[in-house]
Amino acid sequence: QVQLVESGGGLVQAGGSLRLSCAASGRTFSSYAMGWFRQAPGKEREFVAAISWSGGSTYYADSVKGRFTISRDNTKNTVYLQMNSLKPEDTAVYYCAADPSTNTKVVATTPSYWGQGTQVTVSS
């Protein structure tokens, strides 16, 4: 069982930056693939980024490629999402996700665990 707690959300102007953090409980964090998703008002939850258990592989949605960076620190049981050049359309609740599968595509589609989410609002 893994519990995920996101932090770092807030209000930022367009063009600004935010860094989200996701703290995970459990001794097996380092073996889990991790991901970030987001859900904007009136829209379905969508995949944003994923990272393998080692950090050696990362994947991004086309809409954030080149602007967002996912990373992890297994010594701190934490995964990060650095968001730069933010746009109003990035406004959403951002969710952290985890999955024990070694196939990172699983965390990008059907992760086993979810956090509660953190709100990111980008003003124009």
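Definitions and limits used
Residues numbered from 1 in each chain as written. Predicted model: local features only at pLDDT ≥ 70, side-chain atom pairs only at ≥ 80, totals over all residues. Heavy atoms only, no water. Helix = DSSP H or I, 4+ residues; strand = E, 2+ residues; numbered from the N terminus. Rg over C-alpha atoms; globule rule 2.2 N^0.38 Å. Buried < 20%, exposed > 50% of the residue type's maximum accessible area, 1.4 Å probe, protein only. Areas by Shrake-Rupley, 256 points an atom, 1.4 Å probe, with all protein chains shown as cover. Lys, Arg positive; Asp, Glu negative; His and termini not counted. Charge placed at Lys NZ, Arg CZ, Asp CG, Glu CD. Disulfide = S-S within 2.5 Å. Pairing = 2+ DSSP bridges. Axes fitted to C-alpha atoms, helices over the stretch in contact; angles between N-to-C directions. Contact = heavy atoms within 4.5 Å.

Asker: Where do I start with the overall build of the protein chain in this structure?
Answerer: Along its length, the protein chain carries one helix and eleven strands. In the protein chain, the order of α-helices and β-strands from amino to carboxyl end is β-β-β-β-β-β-β-β-β-α-β-β. In terms of C-alpha radius of gyration, the protein chain reaches 13 Å, essentially the compact-globule figure of 14 Å for 124 residues. Projected onto its principal axes, the C-alpha coordinates of the protein chain cover approximately 40 × 25 × 25 Å. By the burial criterion, 43% of the 124 residues in the protein chain qualify as buried. Surface exposure of the protein chain reaches about 6300 Å², of which carbon and sulfur atoms provide 47%. Placing the 11 positive and 8 negative side-chain charges of the protein chain at their respective mean positions leaves the two points 5 Å apart.

Asker: Hey, could you run me through the state of the cysteines in this one?
Answerer: In a disulfide, the sulfur atoms of two cysteines are covalently bonded to one another. Applying the stated rule across the entire model yields one disulfide. Two residues share a disulfide in this structure: Cys22 and Cys96, whose sulfurs sit 2.1 Å from each other. The S-S bond linking Cys22 to Cys96 shows a torsion near -80°; that makes this disulfide left-handed. Of the two residues, Cys22 sits in strand 3 (residues 18-24) while Cys96 sits in strand 9 (residues 92-99), which places them 74 residues apart along the sequence. Comparing Cys22 with Cys96 shows no difference in burial state: the two are buried.

Asker: Would you mind showing me how to read the sheet that holds strand 3 here?
Answerer: Where strands meet in a sheet, backbone hydrogen bonds hold them as pairs that are either parallel or antiparallel. In spatial order, the strands read 1-3-8-7; together these four strands make up an open sheet with antiparallel pairing. Each end of this open sheet is capped by a strand with a single partner; those strands are strand 1 (4-7) and strand 7 (68-73). Strand-to-strand twist across the sheet, computed as the mean angle between neighbouring axes with direction ignored, equals 15°. Taken together, the four bridges between strand 1 and strand 3 define a ladder with antiparallel strand orientation.

Asker: I keep staring at the side chain of Ser21 and nothing clicks. Help me out?
Answerer: Inspection of the secondary structure assignment puts Ser21 in strand 3. Those residues in contact with Ser21 that sit more than four places away from it in its chain are Val5, Glu6, Ser7, Trp36, Thr78, Val79 and Tyr80.

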